[in-house]
Amino acid sequence: MQTVRVSRRTLRQYRGVIRDDLMQEILDLAGALRGLRVVHVNATPVGGGVAELLQSVVPLQRSLGLDARWMVMEPEEAFFDATKHLHNLLQGAPGELSEDERRTYLACNERTAAEMRRFRADVWVIHDPQPAAAGAALAGVPRIWRCHIDTSQPNPEAAAFVLSFVNRYDALVYSRPEFRLPGAAAPRVAIIEPAIDPLLAKNRRVPPARAREVLRRIGIDPTRPLVAQVARLDPWKDPLGVIDAYRLAKRRVPDLQLALLGVMAAKDDPEAARVYRAVRAYAGDDPDVHIYVDGSVIGPLEVAAVQSAAAVVLQKSLREGFGLSATEAMWKGVPVVVGNVGGLRSQVVDGVTGYCVNTVEECAERLVRLLTNRTLARRLGRAARERVRDHYLLPRMVRDELRLYQAILEDRGRPAAARPLAVPAASEPAAAS
């Protein structure tokens, strides 16, 4: 297994962004858990929402006095082919895992479990289906399985396969109550919504002049209206439906442009290249459809600039665990139009912080409404930013995780001793850093 290096974070850096009462609650919880060794395990160190979350969660937990680690599996390519198929099946796709896919999955997890046994942990946090069997094979230490996808209507065969592992965990965590895997049971089930780190460059608003400069550099006309979707090229993100909605909206807004940012960086998504070819072919020779998949061209600054400059940001998913790309745009004060599914439905209050849509036609109509009524767009964008501030910033998620660790220790008869800490003043050094 590979241990992932992370940058530094302190809770003090969020002063002025989050409420003081939330900061104090986090410090109180952390004081009772100081020294707790928490090891997070997932499939890949880059690409996708889970890796991005852990890049911020782990250093913030460390700064609070926990001994937090992040480790990733090191499988062969065939494993990611199998787990991508499993991921799709758990979201309801038809089909079944082949015997070869099962063997590949189990063999890799057996090797991973053997390596995990070499490390001491007070709590293991296993993210998503890829390492689920490895975590289930451990014993004697509290184990949490955190499912970041919507498993509410799974393929029955895939569900039965995964249930044989996840039902051995001490706690199951979902992003939304309705995402629960049918038949999954554990002593504790927690709902912890994901969040974005406002300190990341990708999540900061880019000043208009700078954003226009970046757009011009990557080939987008900054003087014409732009709609954008930032999401990996995955059929569940409905990139073809996004193009259809853009085409309908363009009939009313002839100078409209579309940007699809789907950088292919995640090792656990072998379908991306095939989907890119299909999306590229579907877009045809339209010069106003801009598709970006090269991480050397599109980095955090470019993502932030496109989201900041877009008149509307889309996340037209057909199934969605949460949709942090929409959260990012909302935090920048940009109105969003999202698929009426999953965690998007909880983030976006329809007509208040954006729009939830069910069809291509409805998506196009909402786009035109926002593109032609900028007063409405600004009002929704302001409300969206405040909703993210109240519910979807990283410290709140870390607070929820600390609560879960404390509850699991109490379940095991190991209540933590309270050692409350004080909220640091802006001039003080960060607590427990």
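Note that the structure is a prediction, hence the values are computed from the model and not measured.

The rules we used
- Residues numbered from 1 in each chain as written.
- Predicted model: local features only at pLDDT ≥ 70, side-chain atom pairs only at ≥ 80, totals over all residues.
- Heavy atoms only, no water.
- Pairing = 2+ DSSP bridges.
- Helix = DSSP H or I, 4+ residues; strand = E, 2+ residues; numbered from the N terminus.
- Axes fitted to C-alpha atoms, helices over the stretch in contact; angles between N-to-C directions.
- Buried < 20%, exposed > 50% of the residue type's maximum accessible area, 1.4 Å probe, protein only.
- Right-handed = clockwise from strand over helix to strand, strands pointing away.
- Salt bridge = Lys/Arg side-chain N within 4 Å of Asp/Glu carboxyl O.
- Expected span 1.5 Å × (residues − 1).
- Arc of directions from axis to C-beta.
- Contact = heavy atoms within 4.5 Å.
- Core = buried A, V, L, I, M, F, W, Y, C linked by side-chain atoms within 4.5 Å.
- Parallel < 35°, antiparallel > 145°, perpendicular 65-115°, else oblique.
- Left-handed = near helix turned anticlockwise from the far one by under 90°.
- Nonpolar A, V, L, I, M, F, W, Y, C, P; charged D, E, K, R; others polar.
- Phe/Tyr/Trp six-rings, centres within 6.5 Å; stacked < 30°, edge-to-face > 60°.
- Lys NZ or Arg CZ within 6 Å of the ring centre and 35° of its normal.

K.L.:
Got a sec to walk through the sheet that holds strand 1 (residues 2-3)? Specific residues and values, please.
P.N.:
Within the open sheet, the seven strands sit side by side as 1-3-2-4-5-6-7. Their pairing is mixed. Here the strands that pair on one side only, and so sit at the sheet edges, are strand 1 and strand 7 (188-191). Two strands pair when backbone bridges link them, and strand 5 (residues 143-147) and strand 6 (residues 171-174) are joined in this way by four bridges, in the parallel orientation. When the sheet's bridge partners are listed, Arg146 is paired in strand 6 with Val173.

K.L.:
Go over the sheet that holds strand 13 (residues 355-357), please, and point to the residues and values.
P.N.:
Strand order in the open sheet formed by six strands is 10-9-8-11-12-13, with parallel pairing between adjacent strands. In the strand order of this sheet, the two ends are held by strand 10 (289-292) and strand 13, each with one partner. Taking each pair of neighbouring strands and ignoring which way they run, the sheet shows an average axis angle of 20°.

K.L.:
Hey, could you go over the pairing of strand 5 for me, with residue numbers and the actual values?
P.N.:
Of all five residues that make up strand 5, five are buried, and the element is covered over most of its length. In the classification by handedness, the crossover that spans strand 5, the intervening helix 6 (residues 156-166) and the parallel strand 6 is right-handed.

K.L.:
Tell me about the pattern of salt bridges, and name the residues and values.
P.N.:
According to the stated counting rule, one finds 33 salt bridges in the structure shown. Two residues, Glu386 and Arg389, come together in a salt bridge whose shortest N-O distance is 3.2 Å. Linking Glu386 with Arg389, this pair stays in helix 14 (residues 374-391), spanning three residues, or about one helical turn. On the accessibility criterion, Glu386 (36% relative accessible area) is partly exposed. Residue Arg389 is classed as partly exposed on the basis of its relative accessible area, which comes to 27%. Linking Arg399 and Asp400 is a salt bridge whose minimum nitrogen-to-oxygen distance equals 2.6 Å. We classify Arg399 as buried; its relative accessible area is 12%. Accessibility expressed as a relative area gives 14% for Asp400, which makes it buried.

K.L.:
Before we move on, could you go through helix 4 (residues 99-116) and cite the residues and values that matter?
P.N.:
Helix length check: helix 4, at 18 residues, gives a terminal C-alpha distance of 25 Å against a target of 26 Å (1.5 Å per residue), a fit within 8%. Restricting attention to buried positions, one finds in helix 4 the residues Glu101, Thr104, Tyr105, Cys108, Asn109, Thr112, Ala113 and Met116. Along the axis of helix 4, the buried positions cluster into a sector of 160°, meaning they face one direction only. Looking at helix 4, the residues exposed on the side facing more than 90 degrees away from the buried face are Glu99, Arg103 and Glu110. The inward-facing, buried residues of helix 4 contact strand 2 (37-42), helix 3 (77-90), strand 4 (123-127), helix 5 (132-136) and helix 6.

K.L.:
Any details on the nonpolar core? Residues and values, ideally.
P.N.:
In this structure, Leu11, Leu64, Ile144, Leu402 and Tyr405 are the most contacted members of the largest nonpolar core, which totals 71 residues. Counting residues per element, this core draws most heavily on helix 15 (residues 394-411), which supplies eight residues. Apart from residues no more than four positions distant in its own chain, Ile144 is found in contact with Val123, Trp124, Val125, Ile126, Tyr169, Ala171, Val173, Leu404, Tyr405 and Ile408.

K.L.:
Hey, could you go over the packing of helix 8 (residues 239-250) against helix 13 (residues 360-372) for me, with residue numbers and the actual values?
P.N.:
It is at 8 Å that the axes of helix 8 and helix 13 come closest, and there the two elements cross at 50°. The angle between the axes of helix 8 and helix 13 places the two elements in the oblique class. The handedness of the crossing between helix 8 and helix 13 is right-handed. Of the residues in helix 13, those in contact with Gly241, Asp244, Ala245, Leu248 and Ala249 of helix 8 are Val360, Glu361, Cys363, Ala364, Leu367 and Val368. Within the contact of helix 8 with helix 13, the residues separate by chemical class into eight nonpolar, one polar and two charged.

K.L.:
Hey, could you go over the packing of aromatic side chains for me, with residue numbers and the actual values?
P.N.:
Applying the stated criterion to the full structure yields six aromatic pairs. Aromatic rings pair up to connect Phe79, Phe80, Tyr105, Phe161 and Phe165 into one cluster. Between the NZ or CZ atom of Arg366 and the centre of the ring of Tyr355, over which it lies, the distance is 5.1 Å.

K.L.:
For the environment of Ile298, give the residues involved together with the corresponding values.
P.N.:
Here Ile298 is to be found in the loop between strand 10 and helix 10 (300-309). According to the relative accessible area criterion, Ile298 is buried, its value standing at 4%. For the pair Ile298 and Ile408, spaced 110 residues apart in sequence, the C-alpha to C-alpha distance is 41 Å. Not counting residues up to four positions away in its chain, the partners in contact with Ile298 are Ile218, Leu261, Val263, Tyr292 and Val303.

K.L.:
Give a description of unusual backbone geometry that names residues and reports values.
P.N.:
With phi around 70°, Asp128 is a residue other than glycine that occupies positive phi space. Inspection of the secondary structure assignment puts Asp128 in the loop between strand 4 and helix 5. For Asp128, a relative accessible area of 10% translates into the label buried. The phi torsion at Asp238 lies on the positive side, around 55°, for a residue other than glycine.

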